[in-house]
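For reference, the chains in residue letters:
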Amino acid sequence: MAIADKQLKCREIITKAVCGKGRKFSTVTHTVTPPHRPSSILGAWIINHQYEAVRSGDGIEVIGSYDINIWYSYNRNSETDVAKETITYSELVPLSYVDPKHRASTEEVSAVATQEPSCVEANIAANGADVVVRVEREFAVEMIAETKVCVAVCPGGCGGEDKAYDGFDDGGYEDLDPELLDDEL
(Lines give C-alpha, C1' and ligand atoms only; values in the text may rest on other atoms or scores of the structure.)
Protein backbone atom coordinates (compact mmCIF):
# COMPACT_ATOMS: atom_id res chain seq x y z
CA MET A 1 0.00 0.00 0.00
CA ALA A 2 1.44 3.38 -1.00
CA ILE A 3 1.68 6.29 1.40
CA ALA A 4 -0.83 8.20 -0.72
CA ASP A 5 -3.38 5.45 0.00
CA LYS A 6 -2.96 5.79 3.77
CA GLN A 7 -4.45 8.49 5.89
CA LEU A 8 -1.46 10.59 6.97
CA LYS A 9 -1.80 12.37 10.26
CA CYS A 10 0.17 15.41 11.28
CA ARG A 11 1.57 16.23 14.67
CA GLU A 12 3.20 19.38 15.99
CA ILE A 13 6.50 18.82 17.76
CA ILE A 14 8.87 21.22 19.48
CA THR A 15 12.48 21.14 18.36
CA LYS A 16 15.57 23.33 18.32
CA ALA A 17 16.14 24.86 14.92
CA VAL A 18 17.72 27.84 13.18
CA CYS A 19 14.98 30.43 13.65
CA GLY A 20 16.81 33.50 12.35
CA LYS A 21 19.67 34.35 10.00
CA GLY A 22 21.42 37.48 8.85
CA ARG A 23 24.55 38.80 7.15
CA LYS A 24 26.15 42.24 7.03
CA PHE A 25 29.16 43.66 5.22
CA SER A 26 30.46 47.02 6.36
CA THR A 27 33.25 49.48 5.67
CA VAL A 28 34.35 51.77 8.50
CA THR A 29 36.97 54.50 8.77
CA HIS A 30 39.21 55.04 11.80
CA THR A 31 41.59 57.92 12.52
CA VAL A 32 44.82 57.08 14.33
CA THR A 33 47.19 59.75 15.65
CA PRO A 34 50.79 58.46 15.77
CA PRO A 35 53.25 59.91 18.31
CA HIS A 36 55.34 61.45 15.46
CA ARG A 37 54.15 63.37 12.39
CA PRO A 38 54.20 60.70 9.61
CA SER A 39 56.13 61.20 6.36
CA SER A 40 54.75 58.06 4.67
CA ILE A 41 52.71 54.96 5.48
CA LEU A 42 54.73 51.74 5.14
CA GLY A 43 52.00 49.29 6.18
CA ALA A 44 48.80 48.85 8.16
CA TRP A 45 47.30 45.69 9.56
CA ILE A 46 44.72 44.51 12.08
CA ILE A 47 45.37 41.93 14.81
CA ASN A 48 43.76 40.56 18.00
CA HIS A 49 40.17 40.54 16.75
CA GLN A 50 37.70 39.39 19.43
CA TYR A 51 33.90 39.55 19.40
CA GLU A 52 30.69 38.16 20.86
CA ALA A 53 27.05 38.15 19.78
CA VAL A 54 23.97 39.24 21.74
CA ARG A 55 20.30 39.48 20.77
CA SER A 56 19.24 43.10 20.30
CA GLY A 57 15.85 44.27 19.03
CA ASP A 58 15.22 43.02 15.49
CA GLY A 59 18.74 41.71 15.02
CA ILE A 60 21.90 40.39 16.58
CA GLU A 61 24.51 42.81 17.86
CA VAL A 62 28.16 41.90 17.36
CA ILE A 63 30.33 43.60 19.98
CA GLY A 64 34.08 43.40 19.61
CA SER A 65 37.51 44.95 19.42
CA TYR A 66 40.71 44.79 17.39
CA ASP A 67 44.11 46.44 17.31
CA ILE A 68 45.22 48.60 14.39
CA ASN A 69 48.99 48.69 13.81
CA ILE A 70 50.38 51.30 11.44
CA TRP A 71 53.99 51.15 10.37
CA TYR A 72 55.08 54.61 9.25
CA SER A 73 58.17 56.69 8.61
CA TYR A 74 58.78 60.12 10.10
CA ASN A 75 61.48 62.79 10.32
CA ARG A 76 61.64 63.06 6.49
CA ASN A 77 61.64 59.27 6.03
CA SER A 78 64.77 58.80 8.18
CA GLU A 79 63.12 56.87 11.04
CA THR A 80 60.24 54.40 11.44
CA ASP A 81 57.79 53.49 14.19
CA VAL A 82 54.59 51.52 14.71
CA ALA A 83 51.48 53.27 16.01
CA LYS A 84 49.04 51.00 17.82
CA GLU A 85 45.44 51.68 18.72
CA THR A 86 42.68 49.44 20.06
CA ILE A 87 39.29 49.94 18.41
CA THR A 88 36.00 48.82 19.97
CA TYR A 89 32.87 48.46 17.85
CA SER A 90 29.25 47.44 17.93
CA GLU A 91 27.63 46.19 14.71
CA LEU A 92 23.88 45.48 14.52
CA VAL A 93 23.22 42.70 12.02
CA PRO A 94 19.54 42.58 11.00
CA LEU A 95 17.86 39.19 10.73
CA SER A 96 16.61 38.64 7.18
CA TYR A 97 14.52 35.68 8.36
CA VAL A 98 12.84 35.14 11.74
CA ASP A 99 10.55 32.21 12.59
CA PRO A 100 7.46 33.82 14.16
CA LYS A 101 6.68 30.65 16.15
CA HIS A 102 9.99 30.42 18.02
CA ARG A 103 10.12 30.59 21.81
CA ALA A 104 11.98 33.78 22.72
CA SER A 105 13.04 32.43 26.12
CA THR A 106 15.14 29.70 24.43
CA GLU A 107 17.12 31.92 22.00
CA GLU A 108 20.83 31.27 21.51
CA VAL A 109 22.76 33.54 19.14
CA SER A 110 26.10 33.17 17.39
CA ALA A 111 28.19 35.16 14.94
CA VAL A 112 30.95 34.20 12.52
CA ALA A 113 33.31 36.69 10.92
CA THR A 114 33.01 35.64 7.27
CA GLN A 115 35.54 38.38 6.51
CA GLU A 116 37.83 39.24 9.40
CA PRO A 117 38.42 42.99 9.77
CA SER A 118 41.14 43.97 7.31
CA CYS A 119 42.76 47.24 6.38
CA VAL A 120 42.08 48.08 2.73
CA GLU A 121 43.53 51.60 2.72
CA ALA A 122 45.69 53.81 4.98
CA ASN A 123 46.54 57.42 4.12
CA ILE A 124 47.95 60.46 5.87
CA ALA A 125 45.10 62.85 6.67
CA ALA A 126 44.94 66.39 5.25
CA ASN A 127 46.16 67.82 8.57
CA GLY A 128 49.41 65.82 8.17
CA ALA A 129 49.34 64.49 11.74
CA ASP A 130 46.72 61.70 11.57
CA VAL A 131 46.40 58.48 9.60
CA VAL A 132 42.99 57.56 8.15
CA VAL A 133 42.44 53.79 7.95
CA ARG A 134 39.59 52.16 6.00
CA VAL A 135 38.55 48.73 7.34
CA GLU A 136 36.21 46.12 5.82
CA ARG A 137 34.47 43.40 7.84
CA GLU A 138 31.56 40.99 7.39
CA PHE A 139 29.52 38.89 9.82
CA ALA A 140 27.01 36.07 9.42
CA VAL A 141 24.70 35.53 12.39
CA GLU A 142 22.26 32.82 13.48
CA MET A 143 19.61 32.55 16.13
CA ILE A 144 18.76 29.05 17.36
CA ALA A 145 15.63 28.53 19.44
CA GLU A 146 12.85 26.07 20.19
CA THR A 147 10.03 26.19 17.64
CA LYS A 148 7.01 24.16 16.59
CA VAL A 149 7.17 22.14 13.39
CA CYS A 150 4.54 19.92 11.80
CA VAL A 151 5.55 16.35 10.94
CA ALA A 152 3.71 13.54 9.15
CA VAL A 153 2.89 10.55 11.35
CA CYS A 154 2.62 7.10 9.78
CA PRO A 155 -0.45 5.36 11.29
CA GLY A 156 1.19 1.91 11.34
CA GLY A 157 4.53 3.04 12.69
CA CYS A 158 7.80 2.51 10.85
CA GLY A 159 7.69 -1.29 10.43
CA GLY A 160 6.52 -3.41 7.51
CA GLU A 161 6.94 -3.30 3.75
CA ASP A 162 6.41 0.43 3.50
CA LYS A 163 9.43 1.15 5.70
CA ALA A 164 11.40 4.08 4.34
CA TYR A 165 14.88 3.47 2.94
CA ASP A 166 17.36 3.98 5.78
CA GLY A 167 20.52 4.24 3.70
CA PHE A 168 21.87 0.78 4.59
CA ASP A 169 22.27 -1.87 1.95
CA ASP A 170 21.36 -5.46 2.86
CA GLY A 171 24.04 -7.20 0.84
CA GLY A 172 25.44 -6.83 -2.64
CA TYR A 173 29.02 -7.32 -1.47
CA GLU A 174 29.46 -10.78 -3.03
CA ASP A 175 30.59 -9.25 -6.34
CA LEU A 176 33.48 -7.28 -4.81
CA ASP A 177 37.01 -8.36 -5.72
CA PRO A 178 39.02 -8.89 -2.49
CA GLU A 179 42.26 -8.39 -4.46
CA LEU A 180 41.39 -4.70 -4.87
CA LEU A 181 41.63 -4.08 -1.15
CA ASP A 182 44.79 -2.30 -0.02
CA ASP A 183 46.49 -4.25 2.79
CA GLU A 184 48.97 -1.47 3.55
CA LEU A 185 46.57 1.00 5.15
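Residues numbered from 1 in each chain as written. Predicted model: local features only at pLDDT ≥ 70, side-chain atom pairs only at ≥ 80, totals over all residues. Heavy atoms only, no water.

**Q** Describe in detail the side chain of glutamate 138, supporting the description with residues and values.
**A** Summarising the element assignment, glutamate 138 is placed in strand β7 (residues 131-153). Glutamate 138 sits in the buried class, given a relative accessible area of 17%. With sequence-adjacent residues up to four places away left out, glutamate 138 is seen in contact with Arg23, Lys24, Phe25, Val112, Ala113, Thr114 and Gln115. (Helix = DSSP H or I, 4+ residues; strand = E, 2+ residues; numbered from the N terminus. Buried < 20%, exposed > 50% of the residue type's maximum accessible area, 1.4 Å probe, protein only. Contact = heavy atoms within 4.5 Å.)

**Q** Could you give an account of the pairing of strand β6 (residues 108-124), with specific residues and numbers?
**A** Put simply, side chains in a regular strand alternate between the two faces of the sheet. One ladder, built from 13 bridges, connects β6 with β7; its direction is antiparallel. Bridge assignment links alanine 113 to a residue of β7, and that residue is phenylalanine 139. (Pairing = 2+ DSSP bridges.)

**Q** If you had to explain the pattern of salt bridges to someone new, which residues and values would you point to?
**A** Per the stated rule, a full pass over the model turns up 8 salt bridges. Residue glutamate 108 pairs with lysine 16 through a salt bridge whose shortest N-O separation is 2.6 Å. In this pair, glutamate 108 sits in strand β6 while lysine 16 sits in strand β1 (residues 9-32), placing the two residues 92 residues apart along the sequence. Between lysine 24 and glutamate 91 there is a salt bridge, with its nearest N and O atoms 3.1 Å apart. One end of the pair, lysine 24, is in strand β1; the other, glutamate 91, is in strand β4 (residues 79-94), with 67 residues separating them in the sequence. (Salt bridge = Lys/Arg side-chain N within 4 Å of Asp/Glu carboxyl O.)

**Q** Talk me through the packing of aromatic side chains; I want residue IDs and the actual numbers.
**A** Scanning all chains against the criterion turns up 4 aromatic pairs. Members of the aromatic cluster, connected to one another through ring pairs, are Tyr51, Tyr66, Tyr89 and Phe139. Sitting over the ring of tyrosine 89, arginine 137 keeps its end group 4.3 Å from the ring centre. (Phe/Tyr/Trp six-rings, centres within 6.5 Å; stacked < 30°, edge-to-face > 60°. Lys NZ or Arg CZ within 6 Å of the ring centre and 35° of its normal.)

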